[in-house]
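Chain residues, written in single-letter form:
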Amino acid sequence: VDAFQAWCGPCKRVVDLFKKVRNEVGSNLLHFAVAEVDSIDALEGFRGQCQPVFLFYAGGELVAVVRGVNAPLLQKTILEQL
């Protein structure tokens, strides 16, 4: 989940990375979503940050968090979680 604030919008560059990884691994387990933290109470803790935050969930539980756009770390985290 790309957790973003309304003033900066979701990270469009990362969408391409997720699509690339999903095509490479061919997994139906990988899904990408965006969530505006200003309008979701459960994400209140991520408000007021000036960098994107990527939340990884498995089985409904938060399993990893990556702060900032770090493509190698995001790709590594995706593959480890799959």
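Per an unreviewed UniProt entry, the protein carries the name TXND6 protein and comes from Calyptomena viridis.

Explanation requested: the packing of aromatic side chains in the structure shown.
Describing an aromatic ring pair means giving the distance of the ring centres and the angle of the ring planes. Applying the stated rule across the entire model yields two aromatic pairs. When the centroid spacing of 4.5 Å and the interplanar angle of 40° are considered together, the rings of phenylalanine 18 and phenylalanine 32 count as tilted. Note that phenylalanine 18 is positioned in helix H1 (residues 12-25) and phenylalanine 32 in the loop between H1 and strand S2 (34-36), a separation of 14 residues in sequence. A centroid spacing of 6.4 Å and a plane angle of 25° characterise the contact between phenylalanine 18 and phenylalanine 56, whose relative ring orientation is stacked. Residue phenylalanine 18 is found in helix H1, and its partner phenylalanine 56 is found in strand S3 (residues 53-58); the two are separated by 38 residues along the sequence. Assigned by exposure class, phenylalanine 18 and phenylalanine 56 land together as buried. Chaining the aromatic ring pairs together yields one cluster made of Phe18, Phe32 and Phe56.

Just to check I follow, could you spell out the sheet that holds strand S4 (residues 61-67) for this structure?
Either a parallel or an antiparallel arrangement is found when strands of a sheet pair, and the pairing is made through backbone hydrogen bonds. Taken in spatial order, the four strands of this open sheet run S2-S1-S3-S4, and their pairing is mixed. The open sheet terminates on both sides in strands that have one partner only, identified here as S2 and S4. Taking the axes of each pair of neighbouring strands and ignoring which way they run, one obtains an average angle of 30° across the sheet. As judged from the three bridges shared by strand S1 (residues 2-4) and S2, these two strands associate in the parallel manner. The residue of S2 that forms the bridge with phenylalanine 4 is glutamate 36. Set on the sheet, helix H2 (residues 71-81) makes contact with S3 and S4; between it and S4 the angle comes to about 165°.

In this structure, what is going on with the side chain of threonine 77? I would like to understand it.
With respect to the element layout, threonine 77 can be found in helix H2. A residue is classified by how much of its surface remains accessible, and threonine 77, at 8% relative accessible area, is buried. A distance of 2.8 Å separates the side chain of threonine 77 from the backbone oxygen of leucine 73, its partner in a polar contact. Leave out the neighbours within four places in its chain, and threonine 77 touches Phe56, Ala64 and Val66.

How each quantity is defined
Residues numbered from 1 in each chain as written. Predicted model: local features only at pLDDT ≥ 70, side-chain atom pairs only at ≥ 80, totals over all residues. Heavy atoms only, no water. Phe/Tyr/Trp six-rings, centres within 6.5 Å; stacked < 30°, edge-to-face > 60°. Helix = DSSP H or I, 4+ residues; strand = E, 2+ residues; numbered from the N terminus. Buried < 20%, exposed > 50% of the residue type's maximum accessible area, 1.4 Å probe, protein only. Pairing = 2+ DSSP bridges. Axes fitted to C-alpha atoms, helices over the stretch in contact; angles between N-to-C directions. Contact = heavy atoms within 4.5 Å. Polar contact = N/O pair within 3.5 Å; in protein donor to acceptor, adjacent residues only side chain to side chain.

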